[in-house]
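Residue-level structure breakdown
Here is what each chain is made of, one letter per residue.
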Amino acid sequence: AAWNITSKLFPHQDSIDKLVYLGIDTLKKEGFLQKGDKVVIVDDLLATGGTAKAMLDLVRKLGGDIEEFAFLIELEDLNGREKLDGENVFSIIKY
């Protein structure tokens, strides 16, 4: 299953707008998340946490349960982990 980060191409679908570093993107559901599904969010970078927080909010709104966030790189000085409400966060490289 995959999620898209785009600029409001499908406004009829569930979406949450969040201000992220480069502007407002929309994270939206592709129709496959069911209530109670366990979800792992995988991304290349955790910086300020805006995009990860938007995904957390969207998955919760749709009834999913976040098991863990996994990042290749975490920029610790930007404190993005704090926006993830005590969720399990794993990162391979920390700067």
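No experiment lies behind these values; they were computed from the predicted model shown. (Residues numbered from 1 in each chain as written. Predicted model: local features only at pLDDT ≥ 70, side-chain atom pairs only at ≥ 80, totals over all residues. Heavy atoms only, no water.)

Details of the pairing of strand E5 (residues 65-74)
Sheet topology places strand E4 (residues 38-46) next to E5; eight bridges connect them, and they run parallel. Considered in E5, the bridge of valine 39 is made with isoleucine 66. In this fold, the crossover linking E4 to E5 by way of helix H1 (residues 50-61) has right-handed handedness. Pairing of E5 with strand E6 (residues 89-94), which is carried by five bridges, proceeds in the parallel orientation. What sits directly across from glutamate 74, in E6, is lysine 94. (Pairing = 2+ DSSP bridges. Helix = DSSP H or I, 4+ residues; strand = E, 2+ residues; numbered from the N terminus. Right-handed = clockwise from strand over helix to strand, strands pointing away.)

Description of the pattern of salt bridges
The final tally for this structure, using the stated rule, is six salt bridges. Its salt-bridge partner being lysine 53, residue aspartate 85 comes within 3.3 Å of it at the nearest N-O pair. Residue aspartate 85 is located in the loop between E5 and E6, and its partner lysine 53 is located in helix H1; the two are separated by 32 residues in the primary sequence. The exposure class assigned to aspartate 85 is partly exposed, which follows from its relative accessible area of 41%. When salt bridges that share partners are traced, they join Lys53, Asp57, Arg60, Asp85 and Glu87 into one network. (Salt bridge = Lys/Arg side-chain N within 4 Å of Asp/Glu carboxyl O. Buried < 20%, exposed > 50% of the residue type's maximum accessible area, 1.4 Å probe, protein only.)

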